[in-house]
Every structure is written in C-alpha cells, then in structure tokens.
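# A look at the structure
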Amino acid sequence: MNKRIKGISALLSGLFILFLSCSKDSGSGPKPPEPGEFDKTAMLTHYADNIIIPAYQQMQEDLGGLQQAVNAFADAPSEATQDAAKVAYTKAHLQYEKIEVYNFGPAGAAFLDLYTNFSGGLDYSFTQDGELTGFSVDSVTIENNIASGAYDLTEYSRSSFYAQGFPALSYLMISPGAIEKFSVNTANRVQYVKDVAGRLKFLVDKVVNDWGSYRATFIGNTKTDVGSPIGNLVNQFAYQMDMLKGPRIGWPFGKQSNGIVFETKSEGYYAGIGSQLAQANINSLKNAYTGSGNKKSVAGYLISLGKESLNNDVLAQFDVVAAKLDAIPDPLAESFLTEGNKIEDAYKEIQKLLTLLKTDVPSATGVQITFMDNDGD
Amino acid sequence: MKLTFKGTFLFVALFSLISCDKDDDGPNIPQYTIPDSYSFDNVNFEDATARVKMLDNINKYLSTAQANMDKVTLDQTKLDNMWVNSGNAFDTAWLNTTGVSLAEITADAATFKGYIDALAALSAQDLTPAADGTAGYIARNAGKILVSGEGLEYVQAVQKGTMGAALFKEGIALLDEVLASDNNTVVPGEGTEMAHNFDLAYGYFSIPTNYDTTTEFATNNRSKLLFWGNYIRERGGYINAADVIWKAFRTGRAAIEAKDMSTVNSQVGIIKEYWEKVAAAAAWAYVTIPQSQSGNLSSQLHALSEGFGFISALKYRPSTSPLTASQYNQLIEILGPGTNFYDLLSDPSFTQLNAAKAILNTAYGQLQEN
C-alpha cells in the first residue's frame with residue numbers, strides 16, 4: 001500500500017468516525033452474531049477432515065468398484081454381470097447422496113452435481129410432459145451419441161447433463177432391454193458406457209484432489225458471509241430441502257402439475273431405488289447438520305448461540321422426515337402412483353423442515369440464503 | 001416534513017460527512033424549505049429521461065434473444081438505428097422525434113456498441129452450448145443467456161456498462177458543471193443553467209419526482225425505477241444510498257433556488273460520492289454472489305457479467321473518488337476486458353474474486369451487510 005492510499009484511507013476512516021459521531025443512525029447494518037467461545041475453526045476442521053474428505057474418498061472408492069463392474073458388464077453383457085453392476089451402482093449412488101450436500105468449493109467448480117446426478121434444477125416446471133425435467137434420462141441424445149460415436153461429455157448443456165452420470169448409467173445398464181441393445185453397434189455402445197463411468201470417476205478424483213489445497217481455504221475462513229464455507233454449508237441445507245420438496249419427491253408426485261404424476265422423472269428410476277436415495281439424502285443432511293453427532297457442527301454452533309430450542313426442533317423434524325421417507329416403499333416411482341398418502345405425509349413434513357432450515361437456521365447463524373438466482377435483470 | 005433553513009442546516013450537518021463542525025453563522029440567505037418531492041419551478045430533464053428510456057428500449061430488445069430457449073435473431077439495422085436514434089427505431093414517437101441519442105453521451109461508445117453488435121451476431125447463429133472458448137447459450141431460469149467465449153453475458157455488458165459509460169458518466173459531468181454554471185438568468189421552462197444541469201443529472205439518476213424510499217413505492221413503481229433508480233435499492237441498501245441521494249437531490253435543488261452555494265456544493269459532493277458508491281456496492285455484490293452459486297454456471301456468469309459492467313462504470317468515477325488509478329487497474333485486471341470468467345469460477349477458493357472484494361473494501365469501506 002503506498003503512502004497516498006494510506007493517506008486516503010486514514011482520511012476516509014477519519015471522516016467515517018466523524019460521520020458516526022454526528023449521526024445516530026449511521027447506517028451500519030446488523031452485526032453478525034457473537035458466537036461466544038465457539039471455535040469455528042475447530043468446527044470446519046472437523047467437517048473437512050472427519051466428514052467431507054472421507055465421504056469423497058469413499059465415493060472415489062465406490063466409483064472405482066462401479067467402474068470395474070461397468071467395464072465387466074460392457075465387455076460381456078449378461079444377467080450375471082448386470083446384477084453385479086447393479087449392486088455396485090446402488091452402492092455408489094447411495095454414497096453420492098452423502099456428498100451431495102457438500103456441493104461447493106471443488107465440487108462446485110467441477111459442476112459435480114450437474115454431471116453426475118442432474119436434477120433438472122429448481123427453476124424448471126414439471127407442468128409439461130415430454131420435456132426433460134427432474135431426474136430424467138435423455139435417451140434420445142444418448143442413442144444419438146452412441147450412433148455417431150461423436151460426443152463431448154464436458155459440454156455444459158442440459159442435454160449433455162441428461163446424457164451422463166448416474167441416470168444415464170442406469171439407463172444403459174439396468175433399464176428394460178439394456179443387455180439386448182449391446183448387440184447393435186456394440187463397439188460404440190461399449191465405449192459410451194465406459195466413458196460415462198470413467199467421467200464419473202474422473203470428476204470425483206478431481207474433487208478429492210482439489211480438496212487437498214482447498215482444505216486450507218475452507219478451515220481458514222470462519223466468516224458467515226456470502227460464499228463463506230459456513231454460508232455455503234447452511235445454503236446447501238436449504239438447497240437440499242428444496243430438492244426434496246421439488247425434484248426428489250414433490251414434483252414427480254404432481255405438486256407442480258395438479259396431481260399429474262411424472263414417475264419416470266424420479267431419482268433412481270431404472271434402478272428402482274428412489275426411496276432409499278431420498279432416505280440416504282435426509283440422513284446425510286442430518287449427519288452434516290450434527291457433524292456426525294459432534295459439538296463441532298452447525299448444531300453445536302446454534303447451541304452456542306443460545307438457540308437450543310431451535311436446534312431441538314430441527315433435530316426432531318429431521319427424525320420425523322426420515323421416518324416418513326422410510327415408510328415409502330421402493331420402487332419410489334410405483335409408490336407415487338399407489339402410496340399417495342404416504343408421499344403426502346412425507347411431503348408435509350419435508351416442508352416443515354424446509355422452513356426451519358431455509359429461514360430459522362440461516363437467520364440464527366447470520367447466513368443469507370443466496371443459492372436461488374432471483375436476480376431480475 | 002418541511003424544513004426551515006435552520007432545519008436544513010441541521011440536516012446538512014447530520015448527513016454531510018464534513019459539516020458537523022460548521023459554525024452557526026452562515027451567509028445571509030433567505031429561509032427556504034426542502035420539499036418532500038422533487039417539485040420546483042422550471043424543472044425539465046426530458047433529454048435525460050429520453051436517453052434513459054432509449055437504453056431501456058435497447059435493453060428490452062436485446063433481452064428478447066434470451067427470453068426463451070428459441071433462437072431469436074436480433075435485427076442489426078434496428079439496433080444501429082436505436083443506438084443513434086434514427087429511422088424511427090423506437091416504439092414511441094416521442095423518443096423517435098426527441099432529437100437526442102444514447103450514442104452521443106456514451107463514453108467509449110465503440111466498446112459498448114461493440115457488445116451490442118457481438119450479441120446481434122451471436123443471436124443470428126444456430127444455438128450452440130457455450131463453453132470455455134466457445135460463444136453460445138446457457139440455460140438460465142426459464143430462458144437462457146448468450147455469452148462470449150470468455151463467459152461474458154453481452155446483455156449485462158451493455159446494460160450495466162452503459163449505465164456507467166452513459167448515465168453515470170453524464171450525471172457526474174453535469175454535477176461537476178453545476179458549480180461553475182450561471183444561476184441568475186432564468187430560461188423559461190428550464191430555469192437557470194445551474195438548475196438545468198442539476199435537473200438533468202437527476203434525470204440520469206432515473207427516479208420519479210414523487211420518489212420515496214419505501215419498499216412499497218419500489219414495488220408499485222417498478223417500471224419507473226430504471227437502472228440507477230432501481231439499483232440504489234437493489235444493491236445500495238446497506239450504504240443507505242436511496243435515503244441519502246434522494247435527500248441530497250431535493251436539498252441541492254432547493255439550495256440552487258435560494259442561491260445557497262455552500263449547500264449546493266455539499267449536496268453535489270454527496271450525490272457524486274454515493275452514486276459512485278452504489279456502483280462499487282453493486283460490483284462488490286456481483287463478485288460475491290457467484291461464490292455462493294456453485295454448480296449454477298449460468299447464474300454465476302450472469303452475476304459476473306453484472307460485476308464486469310459495474311466495475312467498468314468505475315472508470316467514469318468523479319475526480320474526488322477514493323478509488324485510486326492503481327486500484328481501478330487491479331480491478332479491471334481481475335474482471336475487465338479480456339478476463340476469462342471460466343477461469344475465475346474454476347478456482348474453488350475464488351482467490352481473484354476475493355481480491356476484487358478486498359480492493360473495493362479498501363477504497364470504499366464496507367459496502368454490503370455481509
């Protein structure tokens with residue numbers, strides 16, 4: 001900083017003090033909450049070292065297993081290799097639910113959620129049939145890609161997201177007639193399914209690798225402002241609840257379409273594991289909130305702020321939602337049609353938890369909810 | 001609330017950064033009141049309003065290329081005509097016959113017209129997904145954004161950029177002229193030269209004469225609060241820009257009528273300071289917001305493009321600006337012409353964007369709540 005800047009800063013701060021001294025309402029905004037002796041660095045270190053990085057490493061391992069099973073299936077498609085692939089697929093997809101809430105930093109920069117498990121976004125209406133929304137699979141693009149052999153899975157577009165990741169893999173390996181389809185244009189199909197599995201592995205490898213350097217940024221920023229680690233974590237709680245209310249449960253059930261069910265747009269449709277995935281999602285969310293039952297967590301932070309009763313409400317509501325989701329049998333797609341009451345029950349409780357996590361917790365922790373793009377112009 | 005001169009004096013003391021220690025023995029000026037609205041004799045800022053509306057029309061037309069997922073080819077000739085106001089390019093006869101144009105007041109006009117032309121050319125191409133190095137579209141909300149190979153959303157570069165290079169630049173220039181203008185000869189319908197310059201600056205700021213700073217007013221008058229008139233609330237809330245600027249414009253104009261030059265001087269200073277600070281506060285917000293929109297590339301690029309525009313506006317800052325030339329150069333190095341937005345976003349720690357925030361904070365102090 002040169003002398004001139006210093007001079008100007010000094011002058012400015014002088015003026016600012018002068019300004020404060022002659023005006024009661026100086027315009028300084030609400031102060032962030034004082035956390036007392038709560039150690040946010042310890043909390044973030046706990047999250048990084050004991051929860052987030054191990055979860056990504058487990059994901060990496062599961063994707064290694066999945067990639068092997070996919071390759072075995074692609075090289076010799078049969079019911080036996082398909083069964084093995086389905087087991088590996090289910091394990092990996094369930095593990096994915098445990099990392100989804102950490103979609104910031106390296107995962108955000110890699111667009112991990114878009115390329116691995118595209119939900120269609122929170123701003124796409126389910127009201128029209130035939131459109132690619134929710135957890136759809138773009139079988140047209142997939143088949144075109146296979147036919148032409150020319151595709152770029154790094155392309156950033158909705159059709160690209162819908163042609164790769166877990167949904168595409170399940171279509172290629174588990175959907176009706178998946179094995180038979182390998183008898184036509186075999187080489188291209190084998191290559192495509194291997195590419196899709198390889199890209200999943202590549203992306204998670206990159207995220208694990210990037211956490212190596214991002215860890216210091218993560219634990220070194222204890223603020224709660226926009227874009228801070230704590231801010232991002234609290235935003236993700238709210239975002240994941242919006243996902244449950246929308247693409248995971250509410251929208252395929254018809255909450256946006258006057259009760260018209262879009263069961264094929266539900267998560268894990270071909271694998272028939274949508275309810276398990278939703279349960280894994282809410283359990284992982286609770287785990288993230290409580291820091292695996294540790295005081296070095298957002299839950300512990302709330303308690304240190306004197307918000308014990310809010311924390312109890314959140315914990316109780318997590319359990320209610322988990323129980324309601326637990327009651328929904330798989331395949332979820334079928335339950336949307338036959339178990340309407342159970343879905344409705346779960347939906348109501350999801351909304352209550354959403355309010356707590358999107359309104360009350362952010363307000364208590366001084367975090368702004370900013371994941372929505374509501375910029376009008 | 002009507003204020004007497006004594007009240008005005010107190011008000012100035014309270015709201016001006018430099019006048020708390022002012023002695024109570026002012027010059028011999030008759031008492032005057034500060035009205036609640038911008039209502040004075042001989043107010044006319046039609047030329048400014050016309051140019052604001054022209055930018056609004058251009059902006060709305062450009063936005064049609066992004067409103068949905070269809071290819072919408074923009075008419076280059078129509079845009080050329082809108083820019084210089086020829087060939088009845090606007091929908092209203094008033095704008096077509098007003099005799100003024102946006103081009104004539106825009107600094108670095110070739111740059112900003114260049115963004116318009118680039119968008120028109122991109123809109124004429126078949127829709128291609130955007131990527132690092134490839135201009136194209138990215139879905140955003142119910143429509144899409146069209147971005148350059150570096151990720152710049154042209155609509156925002158035009159809109160926020162011209163807010164700076166035309167409306168802000170011109171407003172500051174007029175305010176600078178106010179103090180040297182004649183304040184004796186009244187031109188019927190526009191007042192003195194000083195009053196007219198001040199009124200035109202008010203026009204470029206784009207708030208109605210019956211403005212008030214409540215949320216209710218903003219909600220009910222969305223179509224009248226264009227550009228800066230909208231942004232004082234949208235991004236200027238923390239710095240209290242709406243209250244401060246609205247009072248300063250009314251006070252300054254009343255002081256011109258009363259020939260109270262020291263108050264005119266102080267109010268011009270306040271308006272210049274806070275107008276610039278709104279641009280800085282918006283820039284700060286838009287290098288911050290993308291850091292919390294991980295995985296949502298279109299929203300991130302949209303926000304960065306707004307930030308790009310507001311940072312470019314700082315080029316036209318007043319000579320009294322707290323932002324030094326070297327700080328400004330660092331800012332445009334981070335988010336300026338030639339910046340690759342994808343590179344900014346591929347860093348999980350957003351080091352460059354945080355550096356921009358720090359520069360803005362060093363120059364302007366705290367700009368947003370958090």
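Check the entry above for the structure.
Position numbers for residues count from 1 along each chain, tracking the sequence in the order it is written. Throughout, the order in which chains and ligands are written sets their labels, letters from A for the former and numbers from 1 for the latter. Given that the model is predicted, a residue must reach a pLDDT of at least 70 before its local features are reported, and side-chain atom pairs must reach 80 or more before they are shown or counted; all residues, however, enter totals for whole chains, interfaces and linings. No hydrogens and no water enter the side-chain calculation; it runs on all heavy atoms of the structure.

### Things to note about the overall build of chain B
When helices and strands are tallied, chain B shows 15 helices and two strands. Here the C-alpha atoms of chain B give a radius of gyration of 21 Å, agreeing with the 21 Å that 2.2 N^0.38 yields for 370 residues. A total of 370 residues make up chain B; the buried ones form 60% of that total. Within chain B, counting contacts between residues at least 6 apart in sequence, those at least 24 apart form 71% of the total. To measure how exposed things are, a 1.4 Å probe is used in the Shrake-Rupley method; for residues, cover is taken only from the protein chains shown. Accessible surface, chain B as shown: approximately 13,700 Å² in total, 51% of it carbon and sulfur. In this text, helices come from DSSP runs of H or I with a minimum length of four residues, and strands from runs of E with a minimum of two, each type numbered from the N-terminal end. Put simply, the radius of gyration uses C-alpha atoms, and a globule should come to 2.2 Å times the residue count raised to 0.38. The buried label applies to any residue whose accessible area, calculated with a 1.4 Å probe on protein chains only, is under 20% of its type's maximum; exposed applies above 50%, and partly exposed to all values in between. When checking whether two residues touch, look at their non-hydrogen atoms; a contact exists if any pair is within 4.5 Å.

### Details of the overall build of chain A
Regarding its fold elements, chain A presents 15 helices and zero strands. Counting the 377 residues in chain A, one finds 55% classified as buried. When contacts within chain A are restricted to residue pairs at least 6 apart in sequence, long-range pairs at least 24 apart make up 78% of them. Accessible area for chain A stands at about 15,300 Å²; split by element, carbon and sulfur atoms hold 52% of it.

### A closer look at the packing of helix H10 (residues 241–257) of chain B against helix H11 (residues 261–288) of chain B
How two helices pack is summed up by the angle between their axes together with the distance between the axes. Residue and element names in this part refer to chain B. Angles here are taken between N-to-C directions and fall from 0 to 180 degrees, while the axes themselves are lines fitted to C-alpha atoms, restricted in helices to the stretch in contact. Orientation of H10 relative to H11, taken along the N-to-C sense of each, is 150°, at an axis distance of 8 Å. Classified by the angle between their axes, H10 and H11 sit roughly antiparallel to one another. For the crossing formed where H10 meets H11, the hand is left-handed. In contact with Ala 241, Val 244, Ile 245, Lys 247, Ala 248, Phe 249, Thr 251, Gly 252, Ala 255 and Ile 256 of H10, H11 contributes Thr 263, Val 264, Gln 267, Ile 270, Ile 271, Tyr 274, Trp 275 and Val 278. For this classification, Asp, Glu, Lys and Arg are treated as charged, while Ala, Val, Leu, Ile, Met, Phe, Trp, Tyr, Cys and Pro are nonpolar and the rest, including Gly, are polar. Taken together, the residues of the contact of H10 with H11 sort by class into 13 nonpolar, four polar and one charged. Our angle categories are set so that under 35 degrees counts as roughly parallel, over 145 as roughly antiparallel, 65 to 115 as roughly perpendicular, and the remainder as oblique. In this scheme the handedness of a crossing depends on how the near helix is turned from the far one: anticlockwise by less than a right angle means left-handed, clockwise means right-handed.

### A few points about the packing of aromatic side chains
Pairing of aromatic rings covers Phe, Tyr and the six-membered ring of Trp, with a centre-to-centre limit of 6.5 Å; geometry is then stacked below 30 degrees between planes, edge-to-face above 60, and tilted otherwise. For the coordinates displayed, the defined rule picks out 38 aromatic pairs over all chains. With a centroid separation of 6.1 Å and an interplanar angle of 50°, the aromatic rings of Tyr 214 of chain A and Phe 218 of chain A are classed as tilted. Note that Tyr 214 of chain A and Phe 218 of chain A are positioned in helix H9 (residues 186–220) at a spacing of four residues, about one turn of the helix. Criterion for a charge above a ring: Lys NZ or Arg CZ within 6 Å of the ring centre, and within 35 degrees of the ring normal. Over the face of the ring belonging to Tyr 115 of chain A we find Arg 199 of chain A, whose NZ or CZ atom lies 4.3 Å from the ring centre. Seen from the ring of Tyr 61 of chain B, Lys 78 of chain B lies directly overhead, with NZ or CZ sitting 5.0 Å from the centre.

### Topic: the pattern of salt bridges
Where charged atoms from two side chains of opposite charge approach closely, those side chains can pair. Residues and elements named next belong to chain A. Each salt bridge in this description consists of a side-chain nitrogen of Lys or Arg and a carboxyl oxygen of Asp or Glu lying within 4 Å of one another. For the structure on display, the rule yields 27 salt bridges over all chains. Its salt-bridge partner being Lys 342, residue Glu 339 comes within 3.7 Å of it at the nearest N-O pair. Members of the salt-bridge network, linked through shared partners, are Glu 97, Glu 100, Arg 248 and Glu 267.

### Regarding the packing of helix H2 (residues 40–75) of chain A against H9 of chain A
Residues and elements named next belong to chain A. Contact geometry of H2 with H9 gives a least axis separation of 9 Å together with a crossing angle of 165°. Here H9 runs roughly antiparallel to H2, going by the angle between their axes. Crossing angle aside, the handedness with which H2 passes H9 is left-handed. Grouping the constituent residues of the contact of H2 with H9 by class yields 21 nonpolar, eight polar and six charged.

### Section: unusual backbone geometry
A cis amide bond links Asp 330 of chain A with the next residue in sequence, Pro 331 of chain A, at an omega value of -5°. Residue placement: Pro 331 of chain A occurs in the loop between helix H13 (308–326) and helix H14 (332–338). Non-glycine residue Phe 111 of chain A carries a positive phi angle of around 55°. Along the polypeptide, Phe 111 of chain A turns up in the loop between helix H4 (106–110) and helix H5 (112–117). Under the relative-accessibility criterion, Phe 111 of chain A is labelled buried at 12%. Phi at Asn 240 of chain B is positive, roughly 60°, even though this residue is not glycine. In this fold, Asn 240 of chain B is placed in the loop between helix H9 (228–234) and H10. Since its relative accessible area comes to 28%, Asn 240 of chain B is described here as partly exposed.

### Focus on the pairing of strand S1 (residues 136–140) of chain B
The buried count for S1 of chain B comes to five of five residues, which makes it a mostly enclosed element. If you look at the hairpin formed by S1 of chain B and strand S2 (residues 143–147) of chain B, you'll find two residues sitting between the two strands, and Asn 141 of chain B has a positive phi there, around 45°. Should DSSP find at least two bridges between two strands, the strands are taken to pair.

### Some points on the pairing of S2 of chain B
Residue and element names in this part refer to chain B. Judged by how many residues are buried, S2 sits mostly within the fold: five of five residues are covered. Pairing analysis gives five bridges linking S1 to S2, with the strands arranged antiparallel. In the sheet register, Ile 138 faces S2, and the bridge partner there is Ile 145.

### Overview of helix H7 (residues 193–205) of chain B
Residues and elements named next belong to chain B. Each residue after the first adds 1.5 Å to the expected span of a helix. The end-to-end C-alpha distance of H7, which contains 13 residues, comes to 19 Å, matching closely the 18 Å that a straight helix rising 1.5 Å per residue would cover. In terms of burial, H7 is largely enclosed, as twelve of its 13 residues are buried. The inward-facing, buried residues of H7 abut helix H2 (46–63), helix H6 (154–178), H9, H10 and H11. Backbone geometry just downstream of H7 places Ser 206 in the positive-phi region, at approximately 65°.

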